[in-house]
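Notes for the structure review
What follows is the residue order along each chain.
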Amino acid sequence: VLDLIAKKPTRSAYSRLMNPNYASITPQAIAVWAEELGHSVHYATFTGPEDLRRMFPRDLSVLFISAFTPAAYLAYSISMEARARGVVTVLGGPHARAYADDAVKYFDYVAGFVDRELIRSIITERSRGAGAGVRVSAPRQPLNLPGVRERWKFIGHNLAKARLLRAIPVIGSLGCPYRCSFCVDAEVDYQTLPYDQLRDDLVFLRTKIGRPVVGFHDPNFGVRFGDYAGIIEEAARPGTFRIVAESSLSLLGESRLKEMRRLGFGGLTLGVESWFDYNDKAKQSRRVGVSKMESVAAHVDLITRYIPYVQANFVWGLDQDAGPEPFELTKRFIDRAPAAFPSHSLFTAFGDSAALGRRLALEGRVLDIPFHFQDTSSVHNVALKNYSAVQFYGLMADLVRYSFSPRANRRRFQRSAHGLFSPARWMTLVRSTNADWRVNYYKKLGYLFATDDEFHALAAGEAKASPAFFREPVKRELGPYYQHLPGELRAYLERGAPRRPLSVAALARSA
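Residues numbered from 1 in each chain as written. Predicted model: local features only at pLDDT ≥ 70, side-chain atom pairs only at ≥ 80, totals over all residues. Heavy atoms only, no water.

**Remarks on the sheet that holds strand β6 (residues 134-136)**
Here is the rule: Paired strands, in this sense, are two strands between which DSSP finds at least two bridges. In this description a helix means any DSSP run of H or I spanning at least four residues, a strand means any run of E spanning at least two, and both kinds are numbered starting from the N terminus. Axis angles are defined between N-to-C directions and span 0 to 180 degrees, where every axis is a line fitted to C-alpha atoms and, for a helix, only to the segment in contact.
Across the sheet, six strands lie side by side as β2-β1-β3-β4-β5-β6; this open sheet has parallel pairing. Of all the strands in the sheet, the pair left with one neighbour each is β2 (44-46) and β6. The average undirected angle you get between the axes of adjacent strands in this sheet is 20 degrees. Alignment of strand β3 (residues 62-67) against strand β4 (residues 88-92), held across five bridges, turns out to be parallel.

This is how it looks when you write it as structure tokens:
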């Protein structure tokens, strides 16, 4: 079972320090289920520095790979090399759900939802062929997952790699009650996982680590906050755990924030998304523009008084935004909630994974960007409705510069309501001081869209293939794994040879 956390071999300091903490829970669950079914299991995570060629046992019969879309080419290369040796390969994770029609050409199985029964049937059947594989899926998300106690030896594999932060992945719920059209979790019904399992996870952790960092992988923590707060308190005295989670402003009233501080919550990620839509998660009713910004800024500023690390997420390139106003409102938000860390993502349509992406593909607005750069920060992949690409990246560069200017960084550090030596306070400072490369990168993109013919064609929706600027680095970054990519992919990356539509929606449009 291979969890691809990095998209390429790298020995960067960040990959060594942080990537082991991004390990997914489902690959660990698959490893547990396979062992329960009587099989010998080798579990590994690729965080960047490892030599992939030494990570697999020689007698491998079935290879499960979990990958996000930026790691798709690496996953394809590993699968093609393994299939040539007679290994049955299975792809799961976000890329499998987003681009199943593409991935099935390079794997024996491409899995959507998985549960223990689906894993049993794949291992038992072990069907393979020289051509395309098959798409498989459980009827729904699993009703339960192996807990920390069962996954401990696999968790330990990643703890041994972690150099700084050592977060333990736990999960209490799946799906989300909100229906944001750009989000993959919006189409998954919200469900809690067994409370007894979560309680056992936390009790078990107390016996292993003195004051563990617990990372909740719930898509939206706090929907059943009272239940989970009770479980946390039953498991240990308040403050035993340092907890980080992703939540929504609508779930975070002041009384709840006081309780979260008492229980030991040290970090929250919050979705603001846009000043002109997606109000349910922010509990903003019909407020938009200045009114929404002022309300959200006051709320986030309140949260930072109780929670040491708060990240506010923004999505750029949505149809709801027009002109410089959304960017200027975000600058005012940064001034009004100075302790929060702003995170700026470029809207990316990941194949068939969300309703909005499917609609935009049917409209012919999804641009050809190699998987390697579909990471929400390298470039948008949807034709912009209300901006030219030149204007858009000029505004992005200006916003990032403002977000992480010396003044903003100083205020972010000084306005923290937590101790001078709080790890979250210093982590925020470190993250805030390396944004110059992103500013320069967006300025470069603006220049290329203004002057380069390939970028002109991309922005106009007339490009036969992605610009060489995005295709050519893939060969260099994959290194020795590039040679195992199938010929059609190498032709696309090296010469811009056209590929067939990559999603169900695109196939429908072409038909």
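**Comments concerning the pattern of salt bridges**
Here is the rule we go by: Any Lys or Arg side-chain nitrogen located within 4 Å of an Asp or Glu carboxyl oxygen qualifies as a salt bridge. A simple rule labels every residue: compare its accessible area, found with a 1.4 Å probe on the protein chains alone, to the largest value its type can have, and call it buried under 20%, exposed over 50%, or partly exposed in between.
Applying the stated criterion across every chain yields a total of 30 salt bridges. Between R199 and D196 there is a salt bridge; the shortest N-O distance is 2.7 Å. Pair noted here: R199 and D196 are both in helix α8 (residues 195-206), with a separation of three residues, about one helical turn. Judged by relative accessible area, which is 58%, D196 ranks as exposed. One salt bridge in this structure joins E328 and K331, with 3.2 Å as the shortest N-O distance. Of this pair, E328 and K331 both sit in helix α12 (residues 325-336), three residues apart, which is roughly one turn of that helix. When its relative accessible area of 39% is taken as the criterion, E328 is described as partly exposed.

**Considerations on helix α11 (residues 289-306)**
The following threshold applies: Under the convention used throughout, the expected extent of a helix is 1.5 Å for every residue step, that is, one less than its residue count. Only heavy atoms enter the contact rule, under which two residues are in contact if any of them lie within 4.5 Å.
For α11, built from 18 residues, the straight-helix expectation of 26 Å at 1.5 Å per residue is met to within 8% by its first-to-last C-alpha distance of 26 Å. Along α11, the positions that sit buried rather than exposed are G289, K292, M293, V296, A297, H299, V300, D301, L302, I303, T304 and Y306. As for α11, its buried residues are in contact with α10 (254-263), β12 (265-273), β13 (309-316) and α12.

**Details of the nonpolar core**
Rules: Nonpolar cores are built from buried Ala, Val, Leu, Ile, Met, Phe, Trp, Tyr and Cys residues. Side-chain atoms within 4.5 Å join them into one set.
Ranked by internal contacts, the top residues of the largest apolar core, which has 123 residues, are L2, L4, Y73, Y76, F265 and F333. Counting residues per element, this core draws most heavily on helix α14 (residues 389-403), at eight residues. Those residues within four positions of F333 in sequence are excluded, and the remaining contacts are W275, M293, V296, A297, V300, A312 and F314. Listed in part, the 26 residues of the second largest apolar core include A34, F64, L118 and L145.

**Topic: the packing of aromatic side chains**
Note on aromatic pairs: each is described by the distance of the centres and the angle between the planes. Formally: Each Phe, Tyr or Trp ring, with Trp reduced to its six-membered ring, pairs with another whose centre is within 6.5 Å; inter-plane angles below 30 degrees give stacked pairs, above 60 give edge-to-face pairs, and intermediate values give tilted ones. For a Lys NZ or an Arg CZ to count as sitting over a ring, it must be within 6 Å of the ring centre and within 35 degrees of the ring normal.
Scanning the model with the defined rule gives 31 aromatic pairs in all. Ring geometry for F341 versus F404: centroids 5.4 Å apart, planes at 45 degrees, classification tilted. Of this pair, F341 sits in strand β14 (residues 341-346) while F404 sits in the loop between α14 and α15 (406-414); the two residues are 63 residues apart in sequence, bridging distant segments of the chain. Of the two residues, F341 and F404, neither departs from the other in class, the shared state being buried. Here the guanidinium or amino end of K7 rests over the ring plane of F373, the centre of that ring lying 5.0 Å away.

**Notes on the pairing of β3**
Going by this rule: The handedness of a crossover follows from its direction of travel: if, with the strands pointing away from the viewer, the path from the first strand over the helix to the second runs clockwise, the crossover is right-handed.
In terms of burial, β3 is a largely internal element, six of the six residues being buried. Residues of β3 alternate between two faces, with V62, F64 and S66 on one and L63, I65 and A67 on the opposite face, all of them buried. Bridge count for strand β1 (residues 2-4) against β3 is three bridges, and the pairing is parallel. Residue L4 lies in a different strand from β3, and its bridge partner there is A67. Between the parallel elements β3 and β4, the chain passes through helix α3 (residues 72-84) in a crossover that is right-handed.

**A look at the side chain of D3**
Here D3 shows up in strand β1. Leave out the neighbours within four places in its chain, and D3 touches A23, S24, P27, A44, T45, F46 and S66.

**Details of the pairing of β13**
Looking down a regular strand, the side chains alternate between one sheet face and the other. For β13, the buried fraction is high: eight of the eight residues fall into the buried class. Every second residue of β13 is oriented toward a common face, with Y309, Q311, N313 and V315 on one face and V310, A312, F314 and W316 on the other, all of them buried. Looking at chain direction, β12 and β13 are connected through six bridges and run parallel. Within β13, the residue paired with T269 across the bridge is Q311. Taken together, β12, α11 and β13 form a β-α-β motif whose crossover is right-handed.

None of this, on its own, says anything about what the molecule does.
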